[in-house]
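The primary structure of each chain is shown beneath.
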Amino acid sequence: AKRRGNDNFEWFTSDINEKVERHVLMRHEIQEALKNEQFSLVYQPIFDSNKQITSVEALLRWHHPEQGVISPIEFISLAEHTGQIIPLGRWVFEQVCRDMPELQALGIPTIAVNLSPLQLSRSRFCSDLEVILDTYGVSPEQLVLEITENVLVSELTNASSMLNELHRIGFKIAIDDFGTGYSSLRYLQELPIDILKIDKSFVNDVGEGKKYEGITRAMLAIAQELQLRVVAEGVETEDQLTFLKNHHCLYFQGYLLAKPMPLTNLQSFLQNQSVN
Ligand code: C2E
Ligand code: CA
Ligand code: CA
Ligand code: CA
């Protein structure tokens with residue numbers, strides 16, 4: 001038993017070393033990747049209860065020359081740590097604006113963009129966005145800014161003035177990963193929030209007698225009371241969809257309905273959908 005423990009320990013430390021090395025490497029590589037246009041966006045549709053697309057969420061992908069496609073889970077937190085999330089986040093926002101005419105032509109009214117807390121904490125953030133909107137002729141009403149609930153816990157006062165400014169200009173504000181932030185519910189009333197996105201960890205565990213059924217129902221009731229739109233994230237089964245519909249959830253996102261896809265595929269997805 002002891003020997004097995006040692007083996008585990010060595011395996012564990014070498015795993016950490018590998019991780020550190022990989023991070024040092026990636027820091028340089030993110031810079032190169034921005035220069036060499038290795039980033040792209042995929043879009044995941046968000047549906048209403050009639051299976052009409054009401055919005056799409058822009059999700060970042062990194063096409064690494066050797067490692068293939070790298071998930072944002074692997075590089076966003078590192079990019080936040082090094083500050084590279086600022087140019088990266090700006091690239092995402094600009095790319096969404098560049099894609100906007102095509103998305104509008106497909107009849108998709110709004111695009112959701114993920115923001116890092118670090119972006120929100122910069123005083124110039126709002127005016128930077130306005131410059132980009134002007135450049136591409138995009139209106140803020142066409143954009144939903146998604147921020148994770150965790151931001152609000154630590155930086156409620158800072159975040160609230162920035163969110164008010166963004167909302168006043170016309171952006172819609174969505175709370176991402178709702179229910180995972182251990183935060184007080186007070187902010188729901190105090191901040192200019194339009195949309196709640198119920199985290200997929202809850203959605204994955206709903207259905208008769210499942211563990212999170214009660215909490216999910218309660219979250220939907222709160223949202224209804226406060227007249228907030230709710231999007232259920234990570235809907236993977238018909239059972240989950242049925243449960244959510246039965247409890248007055250009106251918007252759905254997840255592999256059951258559509259996976260994230262490049263803009264070109266979105267076009268054929270919509271065509272196939274209208275045929276069926
Ligand atoms: P998120 O904002 O919560 O995005 C939803 C994630 O769930 C996406 O992962 C999406 O592909 C995945 N997903 C969608 N439907 C399902 C489903 O039915 N089942 C499961 N298991 N997963 C589903 P992805 O694209 O890997 O992104 C991961 C996270 O990376 C995002 O979580 C977001 O926090 C962050 N991220 C992605 N793009 C950006 C970006 O442009 N900027 C920033 N700051 N963060 C981003
Ligand atoms: Ca999101
Ligand atoms: Ca989420
Ligand atoms: Ca997330």
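Up top is the structure these notes are about.
Please read all numbers here as calculations on a predicted model, not as lab measurements.

(A) Just the packing of aromatic side chains, in detail. Applying the stated criterion to the full structure yields 7 aromatic pairs. Measuring from centroid to centroid gives 5.1 Å for phenylalanine 202 and tyrosine 212, while their planes differ by 80°, and the two rings are edge-to-face. Separated by 10 residues along the polypeptide, phenylalanine 202 in helix H8 (residues 200–203) and tyrosine 212 in the loop between H8 and helix H9 (213–225) bring together distant segments of the chain. The rings of Phe39, Trp62, Phe75 and Trp91 are connected pair by pair, giving a single aromatic cluster.

(B) Region of interest: the site of ligand 1. In the vicinity of ligand 1 lie 23 residues, with Arg61, Asp176, Lys200, Glu236 and Tyr255 positioned nearest. Here glutamate 57 contributes a side-chain N or O atom positioned 3.2 Å from an oxygen atom of ligand 1. Taking leucine 60, its main chain carries an N or O atom lying 3.1 Å from a nitrogen atom of ligand 1. Look at ligand 1: alone it shows 800 Å² of surface, and the protein chains cover 86% of it. Of all elements in the fold, only strand E2 (53–64), helix H2 (72–82) and strand E6 (172–178) reach the threshold of two or more residues within the shell around ligand 1. Among the elements that line the shell around ligand 1, the one with the most residues is E2, at 4 residues. In terms of residue class, the shell around ligand 1 is made up of 10 nonpolar, 6 polar and 7 charged.

(C) Looking closely at the coordination of the calcium ion (ligand 3). Taken together, Asp176 (OD), Asp177 (OD), Glu233 (OE) and Glu233 (OE) make up the full set of protein donors to the calcium ion (ligand 3), lying 2.0 to 2.7 Å away. Considered as a linear motif, the donors of the calcium ion (ligand 3) on their single chain read D-D-x55-E. Between the calcium ion (ligand 3) and the calcium ion (ligand 2), the interatomic distance is 4.1 Å, and aspartate 176 donates to each metal, bridging them.

(D) Geometry of helix H3 (residues 85–105). With 21 residues, H3 should cover 30 Å at 1.5 Å per step; its first-to-last C-alpha distance of 30 Å lies within 8% of that length. Its maximal kink placed at aspartate 99, H3 deviates by approximately 45°, while the proline proline 101 follows within four residues. For H3, the full list of buried residues reads Ile85, Leu88, Gly89, Trp91, Val92, Phe93, Gln95, Val96, Cys97, Asp99, Met100 and Leu103. Of the residues one or two after H3, glycine 107 is the one with positive phi, at around 85°.

Reading the values: rules and limits
Residues numbered from 1 in each chain as written. Chains lettered and ligands numbered in written order. Predicted model: local features only at pLDDT ≥ 70, side-chain atom pairs only at ≥ 80, totals over all residues. Heavy atoms only, no water. Phe/Tyr/Trp six-rings, centres within 6.5 Å; stacked < 30°, edge-to-face > 60°. Helix = DSSP H or I, 4+ residues; strand = E, 2+ residues; numbered from the N terminus. Near = heavy atom within 4 Å. Polar contact = N/O pair within 3.5 Å; in protein donor to acceptor, adjacent residues only side chain to side chain. Areas by Shrake-Rupley, 256 points an atom, 1.4 Å probe, with all protein chains shown as cover. Nonpolar A, V, L, I, M, F, W, Y, C, P; charged D, E, K, R; others polar. Donors = N, O, S within 2.8 Å, 3.2 Å for Na, K, Ca; no water. Expected span 1.5 Å × (residues − 1). Bend = angle between axes of the 7 residues up to and from the residue. Buried < 20%, exposed > 50% of the residue type's maximum accessible area, 1.4 Å probe, protein only.

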